[in-house]
Amino acid sequence: MNVRPKDKVTAVFRRLFKSSHSKEEGPNKPSGSAQGSPARRLLRSYKDTVSPASSSQAPSPGFSTKTKKEETAAQNKSVRAKRLMKEFRDLQRLKNSQQEPIFTVELVEDNLFEWYVKVYKVDGESDLMQDMLELGIHYILLHLIFPENFPFAPPFMRLISPRIEKGFIMEGGAICMELLTPRGWASAYTVEAVIMQFAASVVKGQGRVQRKNKGQKVFNRRTAEESFRSLVRTHDKYGWVTPSLSDG
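Residues numbered from 1 in each chain as written. Predicted model: local features only at pLDDT ≥ 70, side-chain atom pairs only at ≥ 80, totals over all residues. Heavy atoms only, no water.

J.: Quick question: what am I supposed to make of the overall build of the protein here?
T.: Looking only at helices and strands, the protein has 6 helices and 6 strands in total. Traced from its N-terminal end to its C-terminal end, the protein shows the element sequence α-α-α-β-β-α-β-β-β-α-β-α. When each of the 248 residues of the protein is scored for burial, the buried share is 33%. A separation threshold of at least 6 residues defines the contact pool for the protein, and within that pool the share at least 24 residues apart is 61%. (Helix = DSSP H or I, 4+ residues; strand = E, 2+ residues; numbered from the N terminus. Buried < 20%, exposed > 50% of the residue type's maximum accessible area, 1.4 Å probe, protein only. Contact = heavy atoms within 4.5 Å.)

As structure tokens, this is what we get:
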């Protein structure tokens, strides 16, 4: 009684494998031992139907290893670095060629994208220059930060010291100057042009060294950035109108 079920199962498997064997007959039938067992034939047929993608195929745009945005950012960074290295070297040579330079530049913690600028001279007949001489202030210290898309976008510049009243200097030390806004900027402008424009603007705005402790403006980077963003929004909406001296 126990032998018959086993015989039936064996017969079923034989018919199944015989059927599978007969399907392989024909022009493409493998010969000899290449046919292998039914399991190997099944594995071989699976490999034949699912082949790996050829390495010569172009990658799908959706799976590109580097997006267009990343490539553009990398290109901008390269352009920014080359431009700033050239300008920094030019300004160092200019400083070395002058006994009493109008201004000097130095990197902030060896960061090519952040500079300190020391302006030693403005208009000698201006009240601001007289204030500096009287108070023993040797230079005006500026901080420049160059964005990733410089020179196609302007640097952010703020005054650190001394604290200056009027002169188009805003809260935080932000500087109200059209040249520093996206609308007024051109990629051909150099750092030297920016500094010389500042020296002229602060005098034109009747800037004076602040001597009162009461009611002093807050001078820090965060406040300067907020003031400058507000300035840009205002000029984008109403156009560029030089503010009154009382607002500077």
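J.: Please clarify how the sheet that holds strand E2 (residues 111–119) should be interpreted in this entry.
T.: Strand pairing within a sheet occurs via backbone hydrogen bonds; the two strands may be parallel or antiparallel. One open sheet accounts for 4 strands, arranged E1-E2-E3-E4; its pairing is antiparallel. Each edge of the open sheet carries a strand with a single partner, namely strand E1 (103–108) and strand E4 (156–161). Along the sheet, successive strands turn relative to each other by an average axial angle of 25°, direction set aside. In this sheet, E2 lies alongside E1 in antiparallel orientation, the contact comprising 6 bridges. Looking at the pairing, phenylalanine 103 lines up with valine 119 of E2. Each of E1, E2, strand E3 (140–145) and E4 is contacted by helix H5 (residues 191–204), which is oriented at about 140° to E3, the strand it contacts most. (Pairing = 2+ DSSP bridges. Axes fitted to C-alpha atoms, helices over the stretch in contact; angles between N-to-C directions.)

J.: Is there a simple way to think about unusual backbone geometry in this case?
T.: Residues apart from glycine generally show negative phi values, whereas peptide bonds are mostly found in trans. For the bond from phenylalanine 150 to proline 151, the omega torsion is 10°, close enough to zero to count as cis. Structurally, proline 151 can be placed in the loop between E3 and E4. Here the bond from serine 161 into proline 162 is cis, since omega is -10°, no more than 30 degrees from zero. Along the chain, the position of proline 162 falls in the loop between E4 and strand E5 (164–165).

J.: Looking at this structure, how should I read helix H6 (residues 221–238)?
T.: Note on helix geometry: an α-helix contains 3.6 residues per turn, so any two residues three or four positions apart are oriented the same way. In this model, H6 (18 residues) spans 26 Å end to end at C-alpha, consistent with the 26 Å of a helix rising 1.5 Å per residue. Among the residues of H6, those classed as buried are Thr223, Ala224, Ser227, Phe228, Leu231, Val232 and His235. Turning to H6, the residues buried within the fold contact E4. Between a side-chain oxygen at the N-terminus of H6 and the backbone nitrogen of arginine 222 the separation is 3.4 Å; the capping residue is asparagine 220. Taken from the residues just after H6, glycine 239 is the one with a positive phi, measuring 90°. (Expected span 1.5 Å × (residues − 1). Polar contact = N/O pair within 3.5 Å; in protein donor to acceptor, adjacent residues only side chain to side chain.)

J.: Mind showing me how you'd approach the packing of aromatic side chains here?
T.: Working definition: an aromatic ring pair is given by the centre-to-centre distance plus the angle between the planes. Tallied over the full model, the rule gives 7 aromatic pairs. Here the aromatic rings of phenylalanine 150 and tryptophan 185 are separated by 6.1 Å at their centres, their planes lie at 40°, and the arrangement is tilted. With phenylalanine 150 in the loop between E3 and E4 and tryptophan 185 in the loop between E5 and H5, the pair connects residues that are 35 residues apart, well separated along the chain. According to the relative accessible area criterion, tryptophan 185 is buried, its value standing at 10%. (Phe/Tyr/Trp six-rings, centres within 6.5 Å; stacked < 30°, edge-to-face > 60°.)

J.: I'm lost on the nonpolar core in this one. Help?
T.: The tendency in soluble globular proteins is for nonpolar side chains to be buried as a group. Core analysis: the biggest nonpolar cluster contains 47 residues, and Trp115, Ile140, Leu142, Leu144, Met157, Ile195 and Phe198 have the highest contact counts within it. Counting only elements with at least two residues in this core, the list comes to helix H3 (68–96), E1, E2, helix H4 (127–135), E3, E4, H5 and H6. For leucine 144, the contacting residues outside a window of four places in its chain are Phe113, Glu114, Trp115, Val117, Pro155, Phe156, Met157, Val191 and Ile195. (Core = buried A, V, L, I, M, F, W, Y, C linked by side-chain atoms within 4.5 Å.)

J.: So what exactly am I meant to see when it comes to the pairing of E3 here?
T.: If a strand is regular, its side chains alternate between the two faces of the sheet. The buried count for E3 comes to 6 of 6 residues, which makes it a mostly enclosed element. Residue alternation in E3 divides its side chains into two sets, Ile140, Leu142 and Leu144 and Leu141, His143 and Ile145, and both sets are buried. Across 5 bridges, the pairing between E3 and E4 is antiparallel. If you follow leucine 144 over to E4, its bridge partner there is methionine 157.

J.: In this structure, what is going on with the side chain of threonine 104? I would like to understand it.
T.: Tracing the backbone shows threonine 104 in strand E1. On the basis of relative accessible area, threonine 104 is assigned to the buried category, the value being 13%. Side chain to side chain, threonine 104 and tyrosine 120 meet in a polar contact 3.4 Å long. Dropping the residues within four chain positions of it, threonine 104 is found in contact with Lys95, Tyr116, Val117, Lys118 and Tyr120.

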